[in-house]
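Analysis of the macromolecular model
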Amino acid sequence: MLDLQTRTRNGIVGRVRDRGRGRTQEPAAERSDTRKATRTTGHYVVCGSDSTAARITTELLAVNEAVTVIVPDADSDHAQEMAAMGATLVVAARPHEAALREAGVETAQAIALVAPDDLGNVHAALTAEELNKSIRLVVHIVNPRLAEFVENLVACEAMSAADMAAPEFVAAALGESEIQSMTVGGRKVVAGPAELLADPPLTGLARTSDGRTELLPNEHADLVLATGVRRRPRRVHPRLDDFLTDLRRVFDARLRLVALFLVAVIAVGSLLVHFWPRKQNQEIEWPDAIYIAVSTVTLTGFDDPRTSGATTWVKLFAVGVQLFGLVMVSLVTAAIVDAFVGASLARSLGVLRGRPRGHVVVCGLGTVGTRVAELLHDRGFNVVAVEVDPEKPGVRTARALRIPVLIGDVSQDAVLREARLHRCRALLAVTNDDVANLQAGLYARARNADARVVLRLFDHEFAGRVQDRKGMGFTTRSVSTLAAPAFADALLERRVDAVVPAGRRVIVVTEVTIRDGASVVGDLLGDLVEPQMVRFLAHRTLAGGWNWDPALTTPLRAGDRVAVVTSRAGLARVLLAARPARQPSASSAADQDDSLSSDIHAEA
């Protein structure tokens, strides 16, 4: 058996057993004093034991960084996985001060707090900041709204995995391969064709319409960087079949039965009025007879001299018809009012109305599903949501947006059938249950061969096999796979390059840090700009936040960070200018960064 070392908050050595190896490994303290030192000085701390924490740990270990992970249970699958990769485990129910000290936060370079507990993460961030004023804090906030404001409370980089992953789910569901989402300068932006993105764009990236590619043009760019995707015009007027469905809902079985009795009474009354006067040598035509009958039934009486001499049984029959008509009219009025009030409540509560087609079905209204539904709704798509728990906050959010919500288990065919899955354009199964997501996807594929099916699957190996299955057409996504690289980049302060193809050339969107001793320290921000090569987007000082509208006369200081869009040659020049004088030559830097950009482009 393989015994992997863990450290508790009291410093007691625990043991994690790997039942798959059949041998015992000596404790780390006996194997190497060097490893222990590297773990406690200049290392990285990760708090969490889910798939996101495991993938962040993998990213850090891949670049030979020492990692200490605070986990609540050393026997969990993810904890054992991280320990097997070489991370040191500190076992604590939550990352309180004692656990943070045991993990060596006082001498750590950075800490990532990625547990699914917003309050606990913020509390731990405040504690870590007290223990180490210079530590870099990366905090996962489940609630994307809170992420916008938590940075005012603690000097950290607040990130939401749902916010980062949701655009990728939406792009997969809509088949938007031309649009690329990214985060630069602390802001979520998209790059793509100008006709698909929201106006006004942040900047033009390229002009390719005239047969040649011009990078960073001053005007008439057809490839742009923008804050979002253009909204589809939302359908205001209902389709005919939706109108007929609503009409059938108003005139339901009760109302149709009452109306049938009312028509029958009017018909009998019309016959009586038309034929009875002939015995008294009077003639009442059919239109008059029907008019008198309807008036008698609906107005409880009709004064006509031709009926004043009627026999007693005719008058008694008329009284009965009047009373019966009064009841029938009351019932019709009540049914119509009930139907219209019910329809209004259905709209306000987000209940499915009509028979939608071309809509997007979102299964699961957790943090990811809610964000996906919001993005689709904001872009003008009709959305139908399915959620098993009516008390989830996502249900309230969806209903506030008047998104229809069906309460039920997504693994039940009847629920998916009610969501009109056979007429949808896409299905996103994003619950926390792999089995339910897969079952919903299989049902969708069996009922609607043309729909795009996007599944959230936690098991990475299983997800790959499902996506590679020929003939199914499934697209699988993992929130941890999409979000972990961004967390690792924030921890390492690693330069992130988003490569945007422009014809046979590429544009790089990136952030560059001005190092101490760089040649541009003391220069103006405008000095970095080079026509058709370098254009800046935003600027951040060492102690401040991102400014997307800085003056060109802003002086550059060591530690400042600049978000730019550049060509490959322009990127090499910016990197050379931002490095100390002892860094490699311009040609060497250009070769290295061209190679890096090529690698990123190939991966994209």
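Going by the structure above, here's the rest.
What counts as what
Residues numbered from 1 in each chain as written. Predicted model: local features only at pLDDT ≥ 70, side-chain atom pairs only at ≥ 80, totals over all residues. Heavy atoms only, no water. Pairing = 2+ DSSP bridges. Helix = DSSP H or I, 4+ residues; strand = E, 2+ residues; numbered from the N terminus. Buried < 20%, exposed > 50% of the residue type's maximum accessible area, 1.4 Å probe, protein only. Right-handed = clockwise from strand over helix to strand, strands pointing away. Axes fitted to C-alpha atoms, helices over the stretch in contact; angles between N-to-C directions. Parallel < 35°, antiparallel > 145°, perpendicular 65-115°, else oblique. Left-handed = near helix turned anticlockwise from the far one by under 90°. Contact = heavy atoms within 4.5 Å. Nonpolar A, V, L, I, M, F, W, Y, C, P; charged D, E, K, R; others polar.

Observations concerning the sheet that holds strand β10 (residues 187-193)
Hydrogen bonds along the backbone pair up the strands of a sheet, which may run parallel or antiparallel. Taken in spatial order, the five strands make up an open sheet running β9-β10-β13-β11-β12, and their pairing is antiparallel. A single partner strand is all that each edge strand has here, and the edge strands are β9 (180-184) and β12 (214-215).

A word on the pairing of strand β4 (residues 67-71)
Counting buried residues in β4 gives five out of five residues, a clear majority hidden from the surface. Side chains V67, V69 and V71 project from β4 onto one buried face, and the interleaved T68 and I70 project onto a second face that is buried too. Crossover handedness for the path strand β3 (residues 44-47) to helix α3 (residues 51-62) to β4: right-handed. Bridging between β4 and strand β5 (residues 88-91) involves four bridges; their strand directions are parallel. Its bridge partner lying in β5, T68 is registered against T88. Running through helix α4 (residues 77-85), the crossover from β4 to the neighbouring parallel element β5 is right-handed.

A few points about the sheet that holds strand β14 (residues 360-363)
Strand order across the open sheet formed by six strands is β16-β15-β14-β17-β18-β19, with parallel pairing between neighbours. Sheet topology places β16 (405-407) and β19 (474-477) at the edges, where each strand pairs with a single neighbour. Shown here is a sheet whose adjacent strand axes are inclined to one another by a mean of 15°, direction ignored. Judged from the four bridges that link them, strand β17 (residues 426-429) and strand β18 (residues 452-456) form a sheet pairing that is parallel. If you follow A426 over to β18, its bridge partner there is R452.

Thoughts on the packing of α3 against helix α18 (residues 479-492)
At a minimum axis separation of 8 Å, α3 and α18 run at an interaxial angle of 50°. Comparing the axis directions of α3 and α18 gives the class oblique. Crossing of α3 against α18: the hand is right-handed. Of the residues in α18, those in contact with S51, T52, R55, I56, E59 and L60 of α3 are S480, T481, A484, P485, F487, A488, L491 and L492. Partitioning the contact of α3 with α18 into residue classes produces eight nonpolar, four polar and two charged.

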